[in-house]
Amino acid sequence: MESEVSSILIAAHELKAPMSLIRQLALSLDLENQDANSHVRSQIIDVSERAIKQVNDLTKIAHLEDGLFKMEPVSVRGVCDDVVAELKHLFRFNNRELNIRYTNQSRLVIANSDLLHSVVYNFCLNAMHYSDQETLSELTVQDHNGRVRVGVRDFGPALPMDVWREMKRGWIEKPVSIAMRPGSSGLGLYIASTFSRYMNAEVGAVRHRDGTSFFVELPISKQASLFG
Amino acid sequence: MIYIIEDDKIMAECIAKACKDYETKIFSNAIEAMANIDQNMPGLIFLDILLSGPDGFTFLNELASYSDTAKIPVVIISSLNLKDQDLSEYGVVGKLNKDTMYPKEITAYAKRFADQSLHSSSH
């Protein structure tokens, strides 16, 4: 019970940040001229959409056991392209770059496209928050030991050992506060880890001296081999 | 010159907008800000606490350890509840809560301290 309460508190803390931002942006509308106001309005929309997405992901976690998320052959490149298209603007706004590199053989994976989208999205968003300014984050899709590995590499503070150990175990039990990576409760990683587990995918992280790579490994669809 | 040390770019821009009558410089981390301070001594610093790398408290310690930077007034802008903490010995002249602050409060600090530094530097 105590751990549940602490998870809720950590998640609430992370969700409070976008609400504070939206409030400040709304207040700053009074300080702006017409042109600048439209920029602020688009920021309000961006921040709200990200917050809504996170709340949606939390809602999905509650419904995973209901079997609402169908597993089917999914084009992993299609999902990654969508995420990059969605986040590219946000990366640029924050003086960072997000690139994508494919070396896999265009295989389909067994996944739920909605959940896979959230996993990749959360990894990328995590990379944006924790990479240094003017650095490149790279989303890679590659074949790896009979699976497809989707990984995101960032260049920033190294991942704390306790979180890395949880990732190594392949499962984050609850959101954990990441002191080295402020502004985050690790909620995104918790969401990614929970969705991956549901999809029988494996998540993991590699610590580098200058950052971290997070990855998810997905089973290849047999349907894909018919086409491959 | 006002320094804004805040790792959320949108929040930093909101603070800068409230100081639009003053020259501002935004830093996303404490190291960058400290590296710039010798070339361009600010009249006021708005400081977030939870930063990537060294946090705001580490920055305050660093600031207080040099005779020239120890005099720079600092306003903490954080979602942490610090209202009962006396940080005046670190040059903290005010604390604003990110969740409840208004732009006019930021402007008031800018007016009070950045203006003051302009006057004192002209004498």
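Residues numbered from 1 in each chain as written. Chains lettered and ligands numbered in written order. Predicted model: local features only at pLDDT ≥ 70, side-chain atom pairs only at ≥ 80, totals over all residues. Heavy atoms only, no water.

Caption draft 1: Local environment of the interface of chain A and chain B. Tallying the contact residues gives 21 residues for chain A and 21 residues for chain B. Both sides of the chain A and chain B interface together cover about 1,900 Å² of buried area, and 58% of this is carbon and sulfur. Where chain A touches chain B, the interface holds 1 salt bridge. A salt bridge links Asp99(B) to Lys16(A); the nearest nitrogen and oxygen atoms lie 2.7 Å apart. Summed over the shared surface of chain A and chain B, the result is 8 residue pairs in polar contact (both at pLDDT 80 or more). Counting residues per element, the ones that place at least two in the side of chain A that touches chain B are helix H1 (2-28) and helix H2 (34-63) of chain A. For the side of chain A that touches chain B, the element with the most residues is H1(A), which contributes 9 residues. Here the residues of the side of chain A that touches chain B sort into 8 nonpolar, 9 polar and 4 charged. (Contact = heavy atoms within 4.5 Å. Buried area = accessible area lost by both parts, 1.4 Å probe. Salt bridge = Lys/Arg side-chain N within 4 Å of Asp/Glu carboxyl O. Polar contact = N/O pair within 3.5 Å; in protein donor to acceptor, adjacent residues only side chain to side chain. Helix = DSSP H or I, 4+ residues; strand = E, 2+ residues; numbered from the N terminus. Nonpolar A, V, L, I, M, F, W, Y, C, P; charged D, E, K, R; others polar.)

Caption draft 2: Quick look at the confidence of the model for chain A. On average, residues of chain A score 82 in pLDDT, and 84% of them are at 70 or above. The low-confidence segment residues 177-183 of chain A, where pLDDT is below 50, has 25 contacts with residues more than four positions distant or belonging to other chains. (pLDDT = per-residue confidence, 0-100.)

Caption draft 3: Fine view of the packing of H2(A) against helix H3 (residues 76-93) of chain A. Residues and elements named next belong to chain A. Between H2 and H3, the least distance of the axes is 13 Å, while the angle of their chain directions is 125°. Judged on the interaxial angle alone, H3 and H2 are oblique. Relative to H3, H2 is oriented so that their crossing is left-handed. Contacts between H2 and H3 involve His39, Gln43, Asp46, Arg50 and Lys53 from the former and Glu86, His89, Leu90 and Phe93 from the latter. (Axes fitted to C-alpha atoms, helices over the stretch in contact; angles between N-to-C directions. Parallel < 35°, antiparallel > 145°, perpendicular 65-115°, else oblique. Left-handed = near helix turned anticlockwise from the far one by under 90°.)

Caption draft 4: Layout of the sheet that holds strand E2 (residues 97-102) of chain A. Residue and element names in this part refer to chain A. Spatial strand order, E2-E4-E5-E7-E6: 5 strands in an open sheet with mixed pairing. Two strands in the sheet have a free side with no partner beyond their single neighbour: E2 and strand E6 (202-208). The mean angle between the axes of side-by-side strands here comes to 20°, regardless of whether they run parallel or antiparallel. As paired strands, E6 and strand E7 (residues 211-219) are joined by 7 bridges and run antiparallel to one another. Its bridge partner lying in E7, Glu202 is registered against Glu217. (Pairing = 2+ DSSP bridges.)

Caption draft 5: Quick peek at the sheet that holds strand E2 (residues 24-27) of chain B. Residues and elements named next belong to chain B. Taken in spatial order, the 5 strands line up as E2-E1-E3-E4-E5 in an open sheet, and their pairing is parallel. The open sheet has two edge strands, E2 and strand E5 (92-97), and neither has a second partner. Ignoring strand direction, the axes of neighbouring strands in this sheet form an average angle of 20°. The pairing of strand E3 (residues 44-47) with strand E4 (residues 74-78) spans 3 bridges and is classified as parallel. Counterpart to Ile45 in the pairing with E4 is Val74. Its contacts with the sheet place helix H1 (residues 9-18) against strand E1 (2-5), E2, E3 and E4, and it is angled at close to 165° to E2. Those strands touched by helix H3 (residues 56-64) are E1, E3, E4 and E5, and its axis lies near 155° from that of E3.

Caption draft 6: Layout of the pattern of salt bridges. All names here are of chain A. Tallied over the full model, the rule gives 10 salt bridges over all chains. Close ionic contact of Lys60 with Asp114 constitutes a salt bridge, the shortest N to O distance being 3.6 Å. Taken as a pair, Lys60 in helix H2 and Asp114 in helix H4 (residues 113-130) lie far apart in primary sequence, 54 residues in all. A relative accessible area of 35% places Asp114 in the partly exposed class. Between Arg153 and Asp210 there is a salt bridge whose closest N-O contact spans 2.9 Å. With Arg153 in strand E5 (residues 147-154) and Asp210 in the loop between E6 and E7, this residue pair connects regions lying 57 residues apart in the sequence. The exposure class of Arg153 is buried, given its relative accessible area of 19%. Each of Asp57, Lys60 and Asp114 takes part in one network of salt bridges that share partners. (Buried < 20%, exposed > 50% of the residue type's maximum accessible area, 1.4 Å probe, protein only.)

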